[in-house]
Amino acid sequence: MADQLLEIADLRIGATVYPPGEKPRDVTLVDGVSLTLEKGKVLGLIGESGAGKSTIGLSAAGYGRGGVRITGGTITVNGEDILANGQSGLRRLRGKTVCYVAQSAAAAFNPAHRLMDQVVEATLAHGVLDRASAEARAVELFAKLGLPDPEHFGQRYPHQVSGGQLQRAMTAMALCSEPDLIIFDEPTTALDVTTQIDVLAAIKDAIHDTGVGALYITHDLAVVAQVADHILVLRNGEAVEYGPTRDIIEQPKEDYTRALVSVRSIDHHARQPESQPLLDVDAVSARYSADLPPVLNQVSVQLSAGQTLAVVGESGSGKSTLARCITGLLPIESGDIRFAGQSLPKALKSRDKETLRQLQMVYQMADVAMNPRHTVATIIGRPLTFYFGLKGAARRKRVLELLDAIELGPEYYDRYPAELSGGQKQRVCIARALAAEPKLIICDEVTSALDPLVADGILKLLLRLQESAGVAYLFITHDLATVRAISDSIAVMLQGEVVRYGTHEQVLTAPFDDYTDLLLRSVPQMKLGWLEEAIDGRKMTGQDQ
Amino acid sequence: MNLIVARLIAQRLALGLLLLFAVSILIFVGTMMLPGDVAQAILGQSATDQAVANLRAELGLNDPAWMRYLDWLGGILTGDLGTSLSNGQSIADSLLGRAGNTFFLAFWTALIAVPMAILLGLLAVRYQNRWPDRVISGATLTTISLPDFFIGYLLIYFVAVKLGWFPSVSTVYDGMPFVERMRAIALPAFTLTLIILAHMMRMTRAAILNVMQSAYIETAELKGLGGLKIIWRHAFPNSVAPVINVVMINLAFLVVGVVVIEVIFVYPGMGQYLIDHVAKRDVPVVQACGLIFATVYIGLNLIADVVSILSNPRLRHPK
């Protein structure tokens with residue numbers, strides 16, 4: 001047992017929830033999970049949101065977010081029960097023996113202090129090294145993690161470096177005090193796909209070189225397959241399957257694991273565009289302010305009625321700005337946008353109600369796109385009254401039809417958004433857009449905030465609705481797997497320009513331009529050794545500088 | 001100091017000056033609109049019409065309003081606040097000593113109250129919803145809920161009369177030894193501290209608690225840092241902006257809102273001076289005091305703005 005780093009036995013974690021208007025009650029978040037981790041090994045914790053993977057990960061540092069508390073079981077690090085010595089014992093453990101890398105490094109760094117001060121803070125607080133040696137070690141780690149100008153990198157403030165760099169800096173911070181165990185909590189989820197691959201490779205090398213043990217938490221099985229030795233699949237706070245990475249990926253035993261492995265099995269045949277496009281974006285340029293460079297530069301794309309155009313690109317590529325221009329939220333500077341043969345007025349307020357009706361939008365964050373104080377019936381019913389003047393029983397009947405169309409039963413009629421899951425909320429948003437009976441729906445990253453299986457359900461629903469209602473989608477996403485699954489034509493955007501555009505087949509068939517090649521290679525694949533292949537095969541370096 | 005910060009600060013300064021200018025017009029117009037005639041007021045009801053007319057001409061009251069305003073403004077800019085109508089003395093001379101007294105009291109009160117409020121705020125966060133937090137919140141709420149004159153008289157009764165530690169009347173005079181002067185202002189300073197403490201302490205507590213929800217606080221906890229260190233090093237620097245605004249408003253109160261305390265302790269400050277001359281319809285004095293109060297208010301809020309700007313690392317260190 002000497003080489004056992006972490007041993008969690010029969011862990012139970014609970015919290016007290018305070019639902020408005022009801023009595024507080026206790027809920028169980030993690031129910032009887034056990035796991036072990038050897039020194040220097042990596043264990044992947046995988047599951048969807050609510051599976052309890054972050055909660056279990058943080059428990060290895062004896063930490064519970066908010067009112068979360070450990071209600072049973074034992075947690076042993078290096079043979080010692082970490083819960084035996086109370087808060088002071090945990091303080092000695094955290095930052096010295098067990099370190100943490102958060103999902104959003106941008107939020108996890110304190111904006112008020114220089115990076116170096118934060119990176120060496122735990123090392124100094126626990127007296128592991130003196131300041132000079134700690135800073136020297138930090139510089140060494142910055143270099144190992146591929147950060148630019150490692151000597152002076154620490155002098156910067158968090159807002160002065162990019163998201164990918166912050167994520168590496170956070171890894172350096174965790175490694176600085178030479179801990180035995182690091183908890184990586186979705187460290188690459190918030191990053192662009194081309195950045196993710198670099199950070200992932202940097203983390204993998206750092207784990208390998210320092211020999212630190214790690215818990216790697218993620219919802220993306222393809223990502224965890226690249227770094228973990230073993231994988232523990234979790235669902236609803238319980239362990240589903242545990243095994244070596246190869247077995248989980250190649251011979252999953254449980255149905256749930258199989259579903260995770262085979263996600264994105266959508267059957268869709270791409271169609272050829274028609275000669276008369278529904279939407280014709282012609283050499284459009286736009287900028288947010290006269291003294292800023294243009295965000296869109298001579299963008300031209302077309303979309304046929306009843307088809308799907310996927311606009312793909314990384315953050316800052318201008319894909320959401322294109323949506324804002326089409327909807328009129330951002331008046332274009334030059335060029336023309338024609339809809340059903342007619343030129344669209346540039347500004348939103350000079351468009352008539354009929355144009356507004358035919359062009360609807362669904363957003364990434366279903367949470368904030370709905371009024372929390374309206375019921376589902378009100379949310380879906382408002383466009384019915386606004387555009388068609390439906391009232392009373394007629395309106396109720398139509399709302400119920402729409403609920404049926406999005407595969408939610410009549411029991412959801414009187415619910416509030418807070419009573420819905422993430423996927424259900426997005427379905428209601430889709431129903432709201434459909435209520436206007438539009439010709440075009442702009443879908444802005446509608447599945448990005450959802451778990452893979454839920455996202456799959458939404459995509460299937462969208463395709464089915466397209467068939468029955470004949471609506472066209474402008475589908476904005478950074479996720480190439482989604483693009484592959486649902487598009488008829490594709491536009492790849494980079495820094496405000498369309499770098500590749502054509503039918504599904506044209507865009508996804510070699511030869512590729514450098515950027516599209518980079519994008520395609522960066523999408524994690526569900527096989528061992530993909531990361532190394534991808535890094536070796538790259539023609540172009542990432543945008544993460 | 002970089003260009004962005006310099007520009008922002010210059011902007012605030014220019015805005016402050018503009019505001020002060022607007023306030024000076026408001027004060028002037030406001031005092032003009034007061035009922036009654038200054039000349040009549042000085043000479044009394046029995047004066048002949050001729051005497052009143054002569055005095056009006058002498059005081060320049062027949063000039064158009066804008067001319068009188070420019071005269072007044074020009075005087076102020078050159079340090080001449082005008083002449084008191086009631087005693088014929090230069091306002092600048094009599095106001096100087098009074099203003100000095102007011103600022104002296106405000107300075108020492110602030111020196112005790114501000115650090116104490118912030119410290120108590122930090123402690124309240126550290127022991128949130130436990131007894132230290134409840135005691136601090138309860139005690140400061142009590143002192144802010146009681147009327148200021150009541151606290152003043154309570155202190156006079158117990159500390160000055162029963163215990164005899166400090167004088168109940170805060171007489172100060174020129175050339176008074178420093179220690180004596182401090183003894184004299186001890187009670188009013190303590191009273192004022194009790195009055196302004198709660199507001200600042202509660203704002204500190206609320207602002208820090210707001211920041212305590214941030215992800216970087218979790219990072220700090222997972223570094224194994226102690227509670228007070230997390231609050232002081234990681235939470236407080238990010239809650240300076242809201243705290244400094246409340247602190248400055250309270251400091252402004254120490255200068256412009258302490259009339260009642262000055263009266264209770266018979267302290268020769270600006271507030272009492274203003275009240276005396278309002279009663280005598282001494283318009284130039286009222287105008288001068290009003291302008292000084294406005295300057296203090298605008299100046300302190302300007303400082304709050306500048307500190308808020310400087311506390312933002314994104315502005316201090318642009319990309």
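Residues numbered from 1 in each chain as written. Chains lettered and ligands numbered in written order. Predicted model: local features only at pLDDT ≥ 70, side-chain atom pairs only at ≥ 80, totals over all residues. Heavy atoms only, no water.

> Looking at this model, I keep getting lost on the overall build of chain B. Mind explaining?
Secondary structure assignment for chain B yields 15 helices and zero strands. Its C-alpha atoms give chain B principal-axis dimensions of roughly 85 × 60 × 35 Å. For chain B, the centre of its 21 positive side-chain charges and the centre of its 17 negative side-chain charges are spaced 20 Å apart. (Helix = DSSP H or I, 4+ residues; strand = E, 2+ residues; numbered from the N terminus. Lys, Arg positive; Asp, Glu negative; His and termini not counted. Charge placed at Lys NZ, Arg CZ, Asp CG, Glu CD.)

> I tried to follow the domain arrangement of chain A on my own but got confused; where do I start?
Many descriptions give the size of an interface as the accessible area lost when the pieces come together. Residue and element names in this part refer to chain A. When cut into domains, chain A gives domain 1 (39-67 + 83-261) and domain 2 (279-509). A separation of 35 Å is found between the C-alpha centroids of domain 1 and domain 2. Contact with domain 1, which involves ten residues of that partner, is made by six residues of domain 2. When domain 1 packs against domain 2, the two sides together hide about 730 Å² of surface, and 49% of this comes from carbon and sulfur. Three residues, Glu48, Asp192 and His219, lead the burial of domain 1 against domain 2; their summed loss comes to 57% of the area buried on that side. Along the contact surface separating domain 1 from domain 2 lie zero salt bridges. Between the two partners, domain 1 and domain 2, sit two residue pairs in polar contact (both at pLDDT 80 or more). (Domains from an automatic or database assignment. Contact = heavy atoms within 4.5 Å. Buried area = accessible area lost by both parts, 1.4 Å probe. Salt bridge = Lys/Arg side-chain N within 4 Å of Asp/Glu carboxyl O. Polar contact = N/O pair within 3.5 Å; in protein donor to acceptor, adjacent residues only side chain to side chain.)

> Would you explain the sheet that holds strand β20 (residues 497-503) of chain A in this entry?
Strand pairing within a sheet occurs via backbone hydrogen bonds; the two strands may be parallel or antiparallel. All names here are of chain A. Overall, mixed pairing links the six strands, which are arranged β16-β17-β18-β13-β19-β20 in an open sheet. This sheet does not close on itself; its edge strands, each paired only once, are β16 (359-362) and β20. When the angles between neighbouring strand axes are averaged without regard to direction, this sheet yields 15°. One ladder, built from five bridges, connects strand β17 (residues 440-444) with strand β18 (residues 472-477); its direction is parallel. Across the sheet, Ile442 pairs through a bridge with Leu474, a residue of β18. Together, β13 (308-312), β16, β17, β18 and β19 (489-494) form the strand contacts of helix α13 (residues 319-327), whose direction differs from that of β18 by roughly 145°. Sheet strands in contact with helix α21 (residues 514-522) are β19 and β20, and its direction is about 105° off that of β19. (Pairing = 2+ DSSP bridges. Axes fitted to C-alpha atoms, helices over the stretch in contact; angles between N-to-C directions.)

> Where do I start with the layout of surface pockets in this structure?
The rolling of a water-molecule-sized probe over the atoms marks out the regions of remaining empty space. By volume, the second largest pocket is sized at about 1,000 Å³. Taken together, 28 residues form the lining of the second largest pocket, with Tyr63 and Gly66 of chain A together with Met212, Ile217 and Glu221 of chain B sitting closest to its centre. For the lining of the second largest pocket, the secondary structure elements donating two or more residues are α2 (86-93) of chain A together with α5 (91-126), α9 (215-221) and α10 (227-235) of chain B. It is α9 of chain B that provides the largest number of residues to the lining of the second largest pocket, a total of four residues. The residue inventory of the lining of the second largest pocket, partitioned by class, reads eleven nonpolar, ten polar and seven charged. (1 Å grid on protein atoms, 1.4 Å probe; cavity = no way out; pocket = protein on both sides within 12 Å on 5 of 7 lines; lining within 4 Å. Points joined across faces, edges and corners; volume = space filled by probe spheres on them. Nonpolar A, V, L, I, M, F, W, Y, C, P; charged D, E, K, R; others polar.)

> Got a minute to help me understand the side chain of Thr102 of chain B in this structure?
Along the polypeptide, Thr102 of chain B turns up in helix α5. Filtering out sequence-adjacent residues up to four positions away, Thr102 of chain B remains in contact with Leu254, Val255, Glu262, Tyr267, Gly269 and Met270 of chain B.

> Would you mind going over the packing of helix α15 (residues 376-388) of chain A against helix α16 (residues 392-405) of chain A with me for this structure?
Each packed pair of helices is defined by two parameters, the angle between the axes and the distance between the axes. Residues and elements named next belong to chain A. Their axes nearest at 9 Å, the elements α15 and α16 cross at an angle of 115°. The angle between the axes of α15 and α16 places the two elements in the roughly perpendicular class. Seen from above, α15 lies across α16 with right-handed handedness. For the pair formed by α15 and α16, the contact residues are Val376, Ala377, Thr378, Ile380, Gly381, Arg382, Leu384 and Thr385 on the first element and Arg395, Arg398, Val399, Leu402 and Leu403 on the second. Considering only residue class, the contact of α15 with α16 consists of seven nonpolar, three polar and three charged. (Parallel < 35°, antiparallel > 145°, perpendicular 65-115°, else oblique. Left-handed = near helix turned anticlockwise from the far one by under 90°.)

> What's the story with the interface of chain A and chain B in this structure? I'm lost.
If you look at the interface, chain A gives 28 residues, while chain B gives 21 residues. Roughly 2,300 Å² is buried in total at the junction of chain A and chain B, and carbon and sulfur atoms are behind 55% of that figure. The largest contributions to the chain A side of the interface with chain B come from Tyr63, Glu121 and His159 of chain A, which together make up 27% of the buried area. There are three salt bridges connecting chain A and chain B. Arg233 of chain B is the partner of Glu121 of chain A in a salt bridge, and the nearest nitrogen-oxygen pair spans 3.1 Å. In this structure, the connection of chain A to chain B is made through 16 residue pairs in polar contact (both at pLDDT 80 or more). In terms of residue count, the dominant contributor to the side of chain A that touches chain B is helix α5 (residues 121-125) of chain A (three residues).

> It is not clear to me how helix α11 (residues 240-256) of chain B should be interpreted in this structure. Could you clarify?
In an α-helix, one turn spans 3.6 residues; hence positions three or four apart end up facing the same way. The end-to-end C-alpha distance of α11 of chain B, which contains 17 residues, comes to 24 Å, matching closely the 24 Å that a straight helix rising 1.5 Å per residue would cover. Of the surrounding elements, those touching the buried residues of α11 of chain B are α5, α8 (178-211), α13 (270-279) and α14 (283-310) of chain B. (Expected span 1.5 Å × (residues − 1).)

> Looking at this model, I keep getting lost on the pairing of β13 of chain A. Mind explaining?
The side chains of a regular strand alternate between the sheet's two faces. Residues and elements named next belong to chain A. The buried count for β13 comes to five of five residues, which makes it a mostly enclosed element. Neither face of β13 is exposed, since Thr308, Ala310 and Val312 on one face and Leu309 and Val311 on the opposite face are all buried. In this structure, β13 lies alongside β18, joined through five bridges in parallel fashion. Across the sheet, Val311 pairs through a bridge with Ile476, a residue of β18. Where β13 lies against β19, four bridges are found, and the strand directions are parallel. Its bridge partner lying in β19, Leu309 is registered against Ser489. (Buried < 20%, exposed > 50% of the residue type's maximum accessible area, 1.4 Å probe, protein only.)

> What am I meant to see in empty space enclosed by the protein here?
Enumeration according to the criterion identifies one cavity of 30 Å³ or more in this entry. Approximately 90 Å³ is the volume attributed to the largest cavity. Gly95, Cys99, Tyr100, Ala122, Met170, Met173 and Ala174 of chain A together with Thr219, Leu222 and Lys223 of chain B are the residues that line the largest cavity. Of all elements in the fold, only β6 (98-101) and α8 (163-176) of chain A reach the threshold of two or more residues within the lining of the largest cavity.

> Teacher, can you tell me more about the sheet that holds strand β15 (residues 342-343) of chain A here?
Residues and elements named next belong to chain A. Strands sit in the order β12-β11-β14-β15 across an open sheet of four strands; the sheet is antiparallel. Looking at strand neighbours, the two that pair on one side only are β12 (296-303) and β15, the edges of this open sheet. Inspection of the sheet shows strand β11 (residues 279-286) paired to β12 by five bridges, in the antiparallel sense. The partner of Ala286 across the bridge, within β12, is Leu296.

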